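Chain and residue survey
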Amino acid sequence: MARLMGYFVRGEERRLVLVATSGDTGSAVAHVFSACPAIRVVILYPSKRISEAQEKQFTTLGENITALEVFPAPLDDAQRLVEAAFSMKR
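All values derive from a computational prediction rather than experimental measurement. (Residues numbered from 1 in each chain as written. Predicted model: local features only at pLDDT ≥ 70, side-chain atom pairs only at ≥ 80, totals over all residues. Heavy atoms only, no water.)

**Quick notes on the sheet that holds strand β2 (residues 39-46)**
Here is the rule we go by: DSSP calls a pair of strands paired once it identifies at least 2 bridges connecting them. Per the convention used, a helix needs a DSSP run of H or I reaching at least four residues, while a strand needs a run of E reaching at least two, with both numbered from the N terminus. Orientation is described by lines fitted to C-alpha atoms, with helices fitted over the stretch in contact, and by angles between N-to-C directions that extend from 0 to 180 degrees.
Spatially, 3 strands are ordered β1-β2-β3 in an open sheet, and the strand pairing comes out parallel. Two strands lie at the open edges of the sheet, namely β1 (15-20) and β3 (65-70), each paired on one side alone. In this sheet, neighbouring strand axes are inclined to one another by 20° on average, regardless of whether the strands run parallel or antiparallel. The sheet contact formed by β2 and β3 spans 6 bridges and is parallel. Paired with Val 42 across the strands is Thr 66, a residue of β3.

**Overview of the environment of Ala 53**
Among the structural elements, Ala 53 can be located in helix α3 (residues 52-59). Counting along the chain gives 36 residues from Ala 53 to Val 17, while the straight-line C-alpha distance between them is 22 Å.

**Observations regarding the packing of helix α2 (residues 24-33) against α3**
We apply this condition: Working rule for angles: under 35 degrees goes down as roughly parallel, over 145 as roughly antiparallel, 65 to 115 as roughly perpendicular, anything else as oblique. Should the near helix be turned anticlockwise from the far one by less than a right angle, the crossing is termed left-handed; should it be turned clockwise, right-handed. It only takes one pair of heavy atoms within 4.5 Å for two residues to be counted as in contact. Ten residues, namely Ala, Val, Leu, Ile, Met, Phe, Trp, Tyr, Cys and Pro, are considered nonpolar, four, namely Asp, Glu, Lys and Arg, are considered charged, and the remaining ones, Gly among them, are considered polar.
Across the interface, α2 lies against α3 with an axial gap of 8 Å and an inter-helix angle of 20°. Between α2 and α3, the crossing angle belongs to the class labelled roughly parallel. Crossing of α2 over α3 shows left-handed handedness. Taken together, the residues of α3 that come into contact with α2 (itself represented by Asp 24, Gly 26, Ser 27, Ala 30 and His 31) are Gln 54, Gln 57 and Phe 58. Counted by class, the contact of α2 with α3 contains 2 nonpolar, 5 polar and 1 charged residues.

So this is what it looks like as structure tokens:
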């Protein structure tokens, strides 16, 4: 799916994927989109609520992947930030 999205947005302006994670899903999203330069991924994750290994899986990729630690926050707060971003009007 990520490769299809990358294929269809190439040549257009970049797209943004914004997610909140408690660990494993953030890593999966980061890795599937890491080779899609037309798609920027921002991952919000709760501070001190995931393992060091999980954190490294999506904070060390660079390129089009940005991971932001939300502090102090349980996962619910990170998810509310994502929901608020999507509810903003252009």
